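Here's the letter readout for the chains.
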Amino acid sequence: MSEVLNKPVDLQDLRDRIAHWLPHTVTHDDTVAPIHTPAASDHRAILDTAHITRIVGNLSQRQIRELVDLFTSTVRTELIAGRELLRTVDARALALLMHKIKSSARMVGALHFAGLAERLETAANAGRLDAVSVLFTELEHALGDVETLGEQLSVSASPVINHELPPTLPPESLPYSVLLVDDDVIVRRQTGLLLSAIGVTEILTVASGEAALLEIERAGVIGIDLLITDLKMPGMDGIEFLRRLAQVNYPGDLIIASGVDAQLLHTVADLARSKGLHLRGAVKKPLTRESLTELLTARRQMSHQIIPVLAPEIMGEDLLDGIAGDEFSIMFQPKVDANTLEVIGVEALARWHRNGQMVRPDLFITAAEHLGLIAPLSRVLLAKTLEGANELFTAGFKLVIAFNLSANWLSDLQLPEFIENSLSSSLLMPENLILEITETTLLSDLDVSMDVLTRLRIKGFKLSIDDFGTGYSSMEQLQRIPFGELKIDRSFVQGAGERPAVRAILAASINMARKLNLSTVAEGVETQTDLDLVRGLGCDLVQGWLIAKAMPAAELIDWLKRRSTE
């Protein structure tokens, strides 16, 4: 008896068993054709060599044979270890091993084998060791199939051409040196071949985060241009490795390539960005030529952010010196109609240039609030905002200007009169100014704040709740304070199309705002996909690098003039 099928018989299992025992058709000439079981669908192929060229690019037949041989020899040893884990009932370790083997199999086109490894991983995670035992035997048979077909591959040096590959990268887009961090030898070899195929000249590979940190230290001032890392690694895992990279101020680019689920991958990407790492992107294994090309040609996800000052703390005298020395300035970022892309307004963004460095706004605004200096700083910033607005109006661009108000300044009962008097010497009317209140700060004295905000609204100023979704009391503030606009934080916009949970929050926020008769602004729109999504959900205005960066008033006027002639 060769096989046993348990009732009820699954048709796909039956097809797989029949395919396993039927003779396989293999080509013998120098052309490497996709090799698979005729009865199996493409995603269950025993050995699809065309899959390798789709991932890596144009390899020689010898390189493909080498990669397949490396896979079969490595996995054969790992299956022996897996048998021992099964004997000792270590389901967790077995699941981790199957996760690694599954990723390796996908890289070499052993897709049927990868599917079985995934089923075994799922069964091990669920503690179903009876099912694990049956699947393990089937997995060993499947590896034998891959070995048989791999031995029949040509070892010719002739290249296998894939005419559907993305175009060659320009030299300026290529990193000079790349450090690849992955505990899987097959992943290291496959990704190394991929990097060589696109023209990278210096490729270092290590199996752990500890070894990677030593290489970064050894590189010194020469540096590593690009680091590609996995997340699930023995010893130092990927999260700890990212933390250590931030601690040593790794200056190069970063790509995360892992087999974890999409939601976790997005969470890790957010974490990397929050640590100030220069993330190119986070992708699911295997890293393909198409995805790598896209990542290397895209703009750094942190490149537009302002470099922080090196000093660990901002003192009160620093802020006062900055005010006295006219070190603060205002940049304007356009806000456009989501559908027509017509420029409707701009947001005034504060900047501080001190001692040759740009200080991040979140640092100096927070420091000013803690040190009790937010009022004098805000007065300076409002004056500079109105100066820039006057330039825009004089040039014929009567746009709505958004100015950020610190919640701490709302404790000043004279604030409505101060803002009204400030406008009297400008070309703006109250309806030309939107006052944005960041939602991440609790209103310390809600009664006083409501008093000030209500009077501002009565005087004709529009109120906007900024960074919605990131604060403490969103619902309460929305129903008690007369806001007219809701700005959705960038964390709920960027990448929302690929993240169901984030998309749901974005859609709910826009829908709620519509029911409350609030206009909506999506912040951080940086890709066409982001724009298409917020458009489709009914957002009114968008703002972000896809439209334009923040600019001084004079540069903005030039940009608006060019845009009006297009």
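In the block above lies the structure referred to throughout.
Residues numbered from 1 in each chain as written. Predicted model: local features only at pLDDT ≥ 70, side-chain atom pairs only at ≥ 80, totals over all residues. Heavy atoms only, no water.

Q: Just give me the short version of the overall build of the protein chain, but keep the residues and values in it.
A: Looking only at helices and strands, the protein chain has 20 helices and 14 strands in total. Evaluated residue by residue, the protein chain yields a buried proportion of 50% over its 566 residues. In the protein chain, 71% of the contacts between residues at least 6 apart in sequence involve partners at least 24 apart. Per element, the accessible surface of the protein chain, about 26,000 Å² overall, is 54% carbon and sulfur. (Helix = DSSP H or I, 4+ residues; strand = E, 2+ residues; numbered from the N terminus. Buried < 20%, exposed > 50% of the residue type's maximum accessible area, 1.4 Å probe, protein only. Contact = heavy atoms within 4.5 Å. Areas by Shrake-Rupley, 256 points an atom, 1.4 Å probe, with all protein chains shown as cover.)

Q: Could you give an account of the pattern of salt bridges, naming the residues involved and the relevant values?
A: Across all of its chains, the model carries 29 salt bridges by this definition. In this structure, Lys335 engages Glu485 in a salt bridge whose closest nitrogen and oxygen atoms are separated by 3.7 Å. Taken together, the residues span a long stretch of sequence, with Lys335 in strand 6 (residues 328–337) and Glu485 in strand 12 (residues 485–488) at a distance of 150 residues. Take Lys335 and Glu485: they sit in the same class, and that class is buried. Close ionic contact of Glu523 with Lys487 constitutes a salt bridge, the shortest N to O distance being 3.4 Å. Taken as a pair, Glu523 in the loop between strand 13 (519–522) and helix 19 (528–537) and Lys487 in strand 12 lie far apart in primary sequence, 36 residues in all. Assigned by exposure class, Glu523 and Lys487 land together as buried. (Salt bridge = Lys/Arg side-chain N within 4 Å of Asp/Glu carboxyl O.)

Q: Go over the packing of aromatic side chains, please, and point to the residues and values.
A: Tallied over the entire structure, the rule returns 5 aromatic pairs. Their ring planes at 90° and their centres at 5.6 Å tell us that Phe71 and Phe113 sit as a pair that is edge-to-face. Placement of Phe71 in helix 3 (residues 61–87) and of Phe113 in helix 5 (residues 111–125) is noted, with a sequence separation of 42 residues between them. Exposure class is identical for Phe71 and Phe113. Each is buried. With 5.8 Å between their ring centres and 90° between their planes, Trp352 and Phe364 make a pair best called edge-to-face. Of the two residues, Trp352 is situated in strand 7 (residues 343–354) and Phe364 in helix 13 (residues 361–370); the sequence distance between them amounts to 12 residues. Phe364 sits in the buried class, given a relative accessible area of 0%. (Phe/Tyr/Trp six-rings, centres within 6.5 Å; stacked < 30°, edge-to-face > 60°.)

Q: Provide a residue-level description of the packing of helix 3 against helix 4 (residues 91–107), including the pertinent values.
A: Two elements in contact, helix 3 and helix 4, have axes separated by 10 Å at closest approach and are oriented at 165°. It follows that helix 3 is roughly antiparallel to helix 4 by the angle criterion. Considering how the two elements wind past one another, helix 3 and helix 4 form a crossing that is left-handed. In this structure, helix 3 uses Phe71, Val75, Glu78, Leu79, Gly82, Leu85 and Leu86 to contact helix 4, whose residues at the interface are Ala93, Leu94, Leu97, Met98, Lys100, Ile101, Ser104 and Ala105. (Axes fitted to C-alpha atoms, helices over the stretch in contact; angles between N-to-C directions. Parallel < 35°, antiparallel > 145°, perpendicular 65-115°, else oblique. Left-handed = near helix turned anticlockwise from the far one by under 90°.)

Q: Kindly report on the sheet that holds strand 4 (residues 253–258), identifying the contributing residues and their values.
A: Strand order in the open sheet made by the 5 strands is 2-1-3-4-5, with parallel pairing throughout. At either end of the open sheet lies a strand with only one pairing partner, and these are strand 2 (202–206) and strand 5 (278–284). The sheet shows a mean angle of 15° between the axes of neighbouring strands, direction not considered. (Pairing = 2+ DSSP bridges.)

Q: Now, about unusual backbone geometry: what can you tell me, with residues and values included?
A: Although it is not a glycine, Val89 sits at a positive phi angle of roughly 55°. Structurally, Val89 can be placed in the loop between helix 3 and helix 4. Within the chain, Leu341 stands out as a residue other than glycine whose phi angle is a positive 65°. Tracing the chain through its elements places Leu341 in the loop between strand 6 and strand 7. The class of Leu341 is partly exposed, set by a relative accessible area of 27%.

Q: Before we move on, can you summarise the pairing of strand 11 (residues 462–468) with the specific residues and values?
A: Burial within strand 11 is extensive, with 6 of its 7 residues counted as buried. Where strand 10 (residues 433–438) meets strand 11, 5 bridges bridge the pair, whose relative direction is parallel. Residue pairing for strand 11: Leu435 is matched across the bridge by Leu463.

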